[in-house]
Amino acid sequence: MRSGGEYCVFLFLLQSVLSDPGATNQVVLLDTTTVLGELDWRTYPVNGWDAITEMDEQNRPIHTFQVCHVMEPNQNNWLRSGWIQRQAAQRVYVELRFTLRDCNSIPWVSGTCKETFNLFYLQTDEPLPAGTRFRPTDYAKVDTIAADESFTQTDLGDRVLRLNTEIREVGPVTQKGFYLAFQDVGACIALVSVKVFYKRCPSTFRNLAAFPDTVPHTDSSSLVEVRGACVENAEERDTPKLYCGADGDWLVPLGRCVCSIGHEEMDGYCRACKPGFFKAFAGNTKCSKCPPHSSSHDQAATICHCDKGFYRAIADPSTMACTRPPSAPRNLVSLINDTALFLQWMPPSDTGGRKDITYNILCQRCDDSGGGVVQCEPCEPDLRFIPRPLGLTSTSVAVVDFASRINYTFHVEAVNGVSGLGVAARSLANVTINTHQAGPSLVAVVRKNWASLNSIALSWAEVENAPSEIVDYEVKYYEKEQEQLSYSSTRTRTRSVLVTGLRPSTVYVFHVRARTTAGYTAYSPNFEFATGAEDPDLADQGQVLVVVTASVGGFSLLVILTLFLLITGRCQGYIKARMKSEEKRRTRFHSGHVPFSGIKTYVDPDTYEDPTQAVQEFTKEIDPSYIRIERVIGAGEFGEVCSGRLRLPGRSDIAVAIKTLKGGYMEQQRREFLREASIMGQFNNPNIIRLEGVVTKSRPVMIVVEYMENGALDSFLRTRDGQFTVIQLVGMLRGIAAGVTYLSDMGYIHRDLAARNILVDENLMCKVSDFGMSRVLEDDTEAAYTTTVLFGQGGKIPIRWTAPEAIAYGKFSSASDAWSYGIVMWEVMSYGERPYWEMSNQDVILSIEEGYRLPAPMGCPVALHQLMLHCWQKQAGQRPHFSDILSFMDKLMLNPSSLLTLVNDVQSFPDSPEDMPDYPLFISIGDWLDSIKMSQYKNNFLAAGYTTLDSISTMSTDDIRRTGVCLIGHQRRIISSIQSLRLQLHHIQQSGFQV
Ligand code: ADE
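Fair warning: this is a prediction, and the values are worked out from it, not measured in the lab. (Residues numbered from 1 in each chain as written. Predicted model: local features only at pLDDT ≥ 70, side-chain atom pairs only at ≥ 80, totals over all residues. Heavy atoms only, no water.)

Trainee: Could you give an account of the overall build of the protein chain, with specific residues and numbers?
Mentor: Scanning the protein chain for helices and strands turns up 19 helices and 49 strands. Expressed as a percentage of its 995 residues, the buried residues of the protein chain come to 46%. Sequence-distant contacts in the protein chain: of pairs separated by 6 or more residues, those separated by 24 or more amount to 65%. Surface exposure of the protein chain reaches about 49,800 Å², of which carbon and sulfur atoms provide 52%. (Helix = DSSP H or I, 4+ residues; strand = E, 2+ residues; numbered from the N terminus. Buried < 20%, exposed > 50% of the residue type's maximum accessible area, 1.4 Å probe, protein only. Contact = heavy atoms within 4.5 Å. Areas by Shrake-Rupley, 256 points an atom, 1.4 Å probe, with all protein chains shown as cover.)

Trainee: Give me the nonpolar core: which residues, what numbers.
Mentor: Judged by nonpolar contacts, the single largest core of 84 residues is most densely connected at Phe683, Leu713, Ile736, Phe771, Tyr821 and Met889. Among the elements that line this core, the one with the most residues is helix 7 (residues 726-745), at 10 residues. Core analysis: the second largest hydrophobic core is formed by 31 residues, Leu29, Phe65, Leu100 and Val173 among them. (Core = buried A, V, L, I, M, F, W, Y, C linked by side-chain atoms within 4.5 Å.)

Trainee: An account of the packing of aromatic side chains is requested, with residue identities and associated values reported.
Mentor: Here the structure, examined in full by the defined rule, presents 31 aromatic pairs. By way of ring pairs, the aromatic residues Tyr44, Trp78, Phe120, Phe134 and Tyr139 are connected into one cluster. The positively charged end of Lys195 is found above the aromatic ring belonging to Phe197, 5.4 Å away from the centroid. For the cation-ring pair, Lys199 lies above Tyr93, with the distance from its terminal atom to the ring centre recorded as 4.5 Å. (Phe/Tyr/Trp six-rings, centres within 6.5 Å; stacked < 30°, edge-to-face > 60°. Lys NZ or Arg CZ within 6 Å of the ring centre and 35° of its normal.)

Trainee: I'd like to hear about the sheet that holds strand 16 (residues 209-211), residue by residue, with values.
Mentor: An order of 15-16-18 is seen for the 3 strands of this open sheet, with the pairing classed as antiparallel. If you trace the sheet from one side to the other, it starts and ends with strand 15 (204-206) and strand 18 (229-230), each paired once. (Pairing = 2+ DSSP bridges.)

Trainee: I'd like to hear about the site of the ligand, residue by residue, with values.
Mentor: Every residue close to the ligand is listed here: Ile633, Val641, Ala657, Val705, Glu706, Tyr707, Met708 and Leu759. At 2.8 Å, a backbone N or O of Glu706 approaches a nitrogen atom of the ligand. A distance of 2.8 Å separates a nitrogen atom of the ligand from a polar atom in the backbone of Met708. Alone, the ligand offers 260 Å² of accessible surface; in the complex the protein occludes 82% of this. (Near = heavy atom within 4 Å. Polar contact = N/O pair within 3.5 Å; in protein donor to acceptor, adjacent residues only side chain to side chain.)

Trainee: Outline helix 4 (residues 611-618), supporting the account with residue identities and numerical values.
Mentor: Within the span of helix 4, buried status applies to Ala614, Val615 and Phe618. Considered in projection along helix 4, the buried side chains sweep an arc of 100° and stay on one side of the axis. Buried-residue contacts for helix 4 involve helix 5 (667-680) and strand 46 (691-695). (Arc of directions from axis to C-beta.)

Trainee: Which residues make up the pattern of salt bridges, and what values do they have?
Mentor: The tally for this structure, following the rule as stated, stands at 38 salt bridges. The partner of Arg675 in a salt bridge is Asp606, and the shortest N-O contact between them spans 2.8 Å. Separated by 69 residues along the polypeptide, Arg675 in helix 5 and Asp606 in the loop between helix 3 (572-587) and helix 4 bring together distant segments of the chain. By relative accessible area, which is 5% here, Arg675 ends up buried. The partner of Arg690 in a salt bridge is Glu692, and the shortest N-O contact between them spans 2.5 Å. We classify Arg690 as partly exposed; its relative accessible area is 39%. Residue classification places Glu692 among the buried positions, given a relative accessible area of 6%. Among the charged side chains, a network of salt bridges with common partners joins Arg690, Glu692, Glu706 and Lys767. (Salt bridge = Lys/Arg side-chain N within 4 Å of Asp/Glu carboxyl O.)

Trainee: Provide a residue-level description of the sheet that holds strand 43 (residues 627-635), including the pertinent values.
Mentor: Strand order across the open sheet formed by 5 strands is 43-44-45-47-46, with antiparallel pairing between neighbours. The open sheet has two edge strands with one neighbour each: strand 43 and strand 46. On average, each strand axis in the sheet is inclined to that of its neighbour by 25°, with strand direction left out of account. Where strand 45 (residues 654-660) lies against strand 47 (residues 702-706), 5 bridges are found, and the strand directions are antiparallel. What sits directly across from Val656, in strand 47, is Glu706. (Axes fitted to C-alpha atoms, helices over the stretch in contact; angles between N-to-C directions.)

Trainee: Could you give an account of the environment of Asp356, naming the residues involved and the relevant values?
Mentor: The topology assignment puts Asp356 in the loop between strand 28 (340-346) and strand 29 (358-368). When its relative accessible area of 33% is taken as the criterion, Asp356 is described as partly exposed. It is 8.2 Å that separates the C-alpha atoms of Asp356 and Val415, two residues lying 59 residues apart in sequence. Ignoring any residue separated from it by four or fewer positions in sequence, one finds Asp356 in contact with Val415, Asn416 and Gly417. Polar contacts involving the side chain of Asp356 include one to the side chain of Arg354, which spans 3.0 Å.

Trainee: Kindly report on the side chain of Asp761, identifying the contributing residues and their values.
Mentor: Counting through the fold element by element, Asp761 comes out in the loop between strand 48 (758-760) and strand 49 (766-768). The buried charged residue Asp761 lacks any salt bridge partner; its closest oppositely charged side chain belongs to Lys767, at an N-O distance of 5.0 Å. Of note is the side chain of Asp761, whose polar atom sits 2.8 Å from the backbone nitrogen of Met765. (Lys, Arg positive; Asp, Glu negative; His and termini not counted.)

Trainee: I'd love a proper account of the state of the cysteines, names of residues and values included.
Mentor: Using the criterion set out here, one finds 9 disulfides in the structure. Cys273 shares a disulfide with Cys287; S-S distance 2.1 Å. One quick way to see it: the torsion about the S-S bond of Cys273 and Cys287 is about -80°, and its sign makes the bridge left-handed. Highlighted residues: Cys273 in the loop between strand 22 (269-272) and strand 23 (277-278) and Cys287 in the loop between strand 23 and strand 24 (288-289), separated in sequence by 14 residues. Of the two residues, Cys273 and Cys287, neither departs from the other in class, the shared state being buried. Linked covalently through their sulfurs, Cys306 and Cys322 form a disulfide whose S-S length is 2.0 Å. In this structure the cystine formed by Cys306 and Cys322 twists about its S-S bond by roughly -75°; its chirality is therefore left-handed. You can see Cys306 sitting in strand 26 (residues 305-306) and its partner Cys322 sitting in the loop between strand 26 and strand 27 (330-336), a full 16 residues away along the chain. According to the relative accessible area criterion, Cys306 is partly exposed, its value standing at 27%. (Disulfide = S-S within 2.5 Å.)

Trainee: Account for the side chain of Gln183, with residues named and values stated.
Mentor: Checked against the element boundaries, Gln183 lands in strand 13 (residues 177-184). Here Asn76 takes part through its side chain, which lies 2.8 Å from a polar atom of the side chain of Gln183. Only 2.7 Å separates the side chain of Gln183 from the side chain of Asn118, close enough to count as a polar contact.

Trainee: Pulling in residues and values, what's your account of the packing of helix 4 against helix 5?
Mentor: It is at 9 Å that the axes of helix 4 and helix 5 come closest, and there the two elements cross at 30°. When the interaxial angle is binned, helix 4 and helix 5 end up roughly parallel. Like other packed secondary-structure pairs, helix 4 and helix 5 cross with a definite hand, here left-handed. Touching Pro611, Ala614, Val615 and Phe618 of helix 4 are Arg671, Leu674 and Ser678, all from helix 5. When grouped by side-chain class, the residues that make up the contact of helix 4 with helix 5 number 5 nonpolar, 1 polar and 1 charged. (Parallel < 35°, antiparallel > 145°, perpendicular 65-115°, else oblique. Left-handed = near helix turned anticlockwise from the far one by under 90°. Nonpolar A, V, L, I, M, F, W, Y, C, P; charged D, E, K, R; others polar.)

Trainee: How would you sum up the environment of Asp125? Please name residues and give values.
Mentor: Here Asp125 shows up in the loop between strand 8 (116-124) and strand 9 (140-146). Expressed as a C-alpha distance, the spacing of Asp125 and Thr174, which sit 49 residues apart in the sequence, is 9.0 Å. Once residues within four sequence positions are removed from consideration, Asp125 is found in contact with Trp83, Gln175 and Lys176. At a separation of 2.7 Å, a polar atom in the side chain of Asp125 contacts the main-chain amide nitrogen of Lys176.

Trainee: Go over the pairing of strand 7 (residues 92-100) with me, naming the residues and quoting the values.
Mentor: The element strand 7 is largely enclosed, with a buried count of 9 among its 9 residues. Both faces of strand 7 are covered, namely the face carrying Val92, Val94, Leu96, Phe98 and Leu100 and the face carrying Tyr93, Glu95, Arg97 and Thr99. Pairing analysis gives 8 bridges linking strand 7 to strand 14 (residues 188-199), with the strands arranged antiparallel. In the sheet register, Leu96 faces strand 14, and the bridge partner there is Val194.

Trainee: Give a description of helix 5 that names residues and reports values.
Mentor: In this model helix 5 runs 20 Å from its N-terminal to its C-terminal C-alpha over 14 residues, within 8% of the 20 Å that 1.5 Å per residue would give. When we look at burial in helix 5, the residues that qualify are Arg670, Phe673, Leu674, Arg675, Glu676, Ala677, Ser678, Ile679 and Met680. Where the residues of helix 5 are buried, they touch helix 4, strand 45, strand 46 and strand 47. (Expected span 1.5 Å × (residues − 1).)

Trainee: I'd like to hear about unusual backbone geometry, residue by residue, with values.
Mentor: Here the residue pair Gly171 and Pro172 is connected by a cis peptide bond, since its omega of 10° sits within 30 degrees of zero. Residue Pro387 is bonded to the preceding Ile386 through a cis peptide linkage, with omega at 5°. One non-glycine residue, Trp837, adopts positive backbone phi at about 45°. With respect to the helices and strands, the residue Trp837 is situated in the loop between helix 11 (814-829) and helix 12 (841-849). The buried category is assigned to Trp837, whose relative accessible area is 5%.

Trainee: If you had to explain the packing of helix 11 against helix 14 (residues 882-894) to someone new, which residues and values would you point to?
Mentor: When two helices pack together, their arrangement is captured by the angle between the axes and the distance separating the axes. Two elements in contact, helix 11 and helix 14, have axes separated by 10 Å at closest approach and are oriented at 30°. One element, helix 11, and the other, helix 14, form an angle in the roughly parallel class. Residues Ser814, Asp817, Ala818, Tyr821 and Met825 of helix 11 pack against Phe882, Ile885 and Met889 of helix 14. For the contact of helix 11 with helix 14, a count of residues per class yields 6 nonpolar, 1 polar and 1 charged.

Shown next as structure tokens:
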């Protein structure tokens with residue numbers, strides 16, 4: 001029987017369904033909807049499949065293959081595609097669109113009609129020669145294809161077309177090409193289109209680097225690392241990399257390129273700076289406008305050149321305006337007294353645009369050498385300038401040691417960082433001073449007569465012919481090393497003096513001048529003499545005693561002074577400054593817990609003004625070159641989570657998990673991301689996930705932690721349902737309790753204890769992770785217990801895991817962590833069941849408030865359920881401490897017989913109905929099953945004769961299985977609910993109600 005007639009598809013309906021723009025990460029190897037000519041596919045036997053080619057309204061062919069030998073037994077009809085070149089593909093996807101007729105809708109075909117067909121493939125390096133015999137055994141089976149929807153002919157005028165789309169993965173393909181083959185075994189099929197494609201990560205630009213088209217690995221879980229090439233005019237910072245994932249998506253961008261000098265980033269490329277702009281450094285900054293008094297005339301300028309008359313000093317940054325030398329100092333005045341001459345001036349009116357002005361003093365001494373000829377010579381060597389003659393930053397100078405009756409001309413020069421770079425004249429202000437001293441020096445030579453440790457005796461001879469009567473002599477002296485910033489003087493009427501109070505082994509400079517009745521004469525030249533040296537052997541007791549007394553006295557004085565200052569409060573600023581950081585640290589420990597002595601206390605990173613400081617203090621920076629990312633294992637709140645290896649210098653490499661912060665983050669997100677690391681970095685316990693370090697100095701920002709082979713506890717248990725002994729489960733709970741005991745001893749409140757936040761290693765060791773939620777409560781109850789604190793920080797509360805007082809008033813504590821721990825116990829003992837199943841959060845809150853508690857999971861030891869109930873005490877103070885939980889777990893493990901009594905075996909009920917929790921009252925079996933989201937079994941229960949709540953209350957797991965509930969999770973949910981129902985019924989019966 002031919003198939004083309006009444007069972008065929010309606011081609012006119014297909015056009016709209018077939019148009020698919022095609023995703024960019026797919027490379028299409030074949031698409032029958034776009035082949036314009038013949039397809040040239042083969043059928044075996046020739047009258048099995050039927051090729052139909054229709055034309056659409058644009059006169060393009062629509063190729064369809066049909067087969068419908070549903071009345072005849074033993075069908076084996078093959079349709080083989082043409083040879084499809086593999087190109088770069090390693091894994092190929094075949095997308096089939098087809099309709100499949102529902103056998104029920106065809107009369108008289110039972111037994112022969114099928115509703116599936118099979119997909120096969122054959123790899124070859126060449127197309128098979130024409131005429132090669134078709135051998136089905138050469139083909140490898142890919143899959144049996146069934147329809148999601150079959151189509152039913154309702155009547156001849158109203159046929160419903162249901163198009164199925166199925167995609168199958170073929171491969172790995174290694175030869176140059178392949179054939180696809182479709183085997184029909186007696187179904188009614190119309191194969192409307194076949195698309196063959198492979199996935200690739202399309203070439204892209206990221207972070208100024210180009211990445212080529214890349215074909216993913218055949219192993220769908222590993223990533224292909226691809227190095228990017230910097231775009232033109234860009235250079236590498238950290239090697240740019242992307243990872244190509246199995247679905248043709250680019251993941252985990254690492255490293256980057258930056259635009260070179262003279263170029264800036266625009267639309268993903270590096271464009272040359274426009275004239276008038278420049279960029280002196282490679283980096284992701286923009287070109288800058290030329291600073292004042294400079295310009296650039298060409299594109300891609302790396303610097304702007306200074307306008308005429310303006311300069312740039314060597315140390316000036318290229319972003320600084322060009323500047324020029326200053327104008328001359330203003331208003332230079334002089335002042336003279338007996339011993340010194342003072343020059344003072346005002347800064348120049350034009351500083352040249354700079355702040356680094358200094359002044360130099362130049363001096364000339366001009367004598368009238370007779371005949372009106374004035375001769376000038378430099379006088380700086382004879383004079384002394386205080387503080388110095390050159391490089392003055394203030395606008396005055398003192399000059400000493402000048403001779404009398406001399407014309408000194410002083411030039412004050414203003415200079416700045418660009419003076420001398422051009423040809424500009426020097427910026428000078430001048431003043432000439434005549435020194436009216438009482439004649440030249442009368443003392444030519446000063447002699448040292450003797451010296452002791454602390455004194456020197458001097459004498460001098462007078463030159464003859466003193467012009468006027470000498471009144472006395474002034475001896476001026478200073479320590480040579482001190483360069484005359486302070487000097488001493490003494491007077492004497494004789495021509496000798498004993499200068500006392502000097503320091504031992506010290507060179508002093510002396511000069512002497514006479515005071516005559518006409519005034520001071522000039523000073524004698526300088527004479528240098530040293531005091532005597534201390535002889536260590538002769539260091540006399542007295543002196544030592546003086547030193548000791550002085551230092552002891554000094555110390556006591558210091559103590560007394562400090563005490564005094566403390567008492568008077570004058571030292572408070574200092575003490576405060578010293579104590580500030582320590583105090584800060586101490587005030588961070590205000591979690592409300594008194595930590596056990598000897599255990600380090602947790603420091604909340606939020607108490608740092610600058611959170612980066614907390615990161616620096618508690619984490620280790622890792623050079624990203626030590627990290628090798630291998631695959632993406634999940635998606636975190638801030639970016640991908642990958643697994644990989646970490647090889648620190650001098651250490652063997654270890655498996656790590658790497659949390660990345662995806663690009664384009666805000667500063668706040670970066671802080672929040674790293675906050676977890678600065679918390680984790682403070683912990684050191686085998687049951688707390690270990691932080692290896694962080695990468696913050698390059699992109700992407702990463703947190704590197706130890707790798708836990710079995711991932712999150714909840715999903716791990718779900719995939720291993722029923723596979724562990726009770727002791728193994730208790731071992732896991734013990735590990736979690738040990739981790740949380742450590743946290744609570746440190747004063748840390750986790751706030752998000754849940755099986756999903758526990759990681760499991762290859763040895764089933766459980767470690768607490770996910771420290772994002774924690775906030776240490778302030779001591780100030782007013783501040784801590786408001787709803788603003790609770791919800792204002794953007795944290796959502798995991799209702800099912802959270803203690804009622806924490807939900808209601810944000811009162812988080814180790815006791816609220818104990819409640820969550822009880823829920824984790826329940827999750828573990830029920831192999832990852834969802835606490836309170838599908839109940840809404842609102843219902844969970846209400847039923848907890850009414851006293852409802854989770855029943856024991858199937859097979860749960862009584863001791864464990866009792867501990868859970870203990871953790872779920874309404875009064876936080878009545879819940880167990882973690883140290884008690886830990887020792888309870890230890891006792892259970894040491895005494896496994898305590899685990900033998902299971903809750904399912906306990907049939908006794910509480911004595912008084914008042915002791916009973918108020919469980920919800922269900923009216924019918926249907927309502928009850930609805931309430932636990934098991935409505936699909938209503939008919940099973942009714943068919944098995946369970947019509948009243950009473951009748952189900954005695955059901956065992958076997959009874960449930962017999963009603964047709966096959967899934968273990970469903971059996972478990974139903975039995976748990978029956979247990980609580982039993983209690984409820986008992987309660988109701990005791991109260992005299994009829995169910
Ligand atoms: N997922 C998140 N963190 C992990 C870790 N440390 N090990 C394994 N899987 C993880």
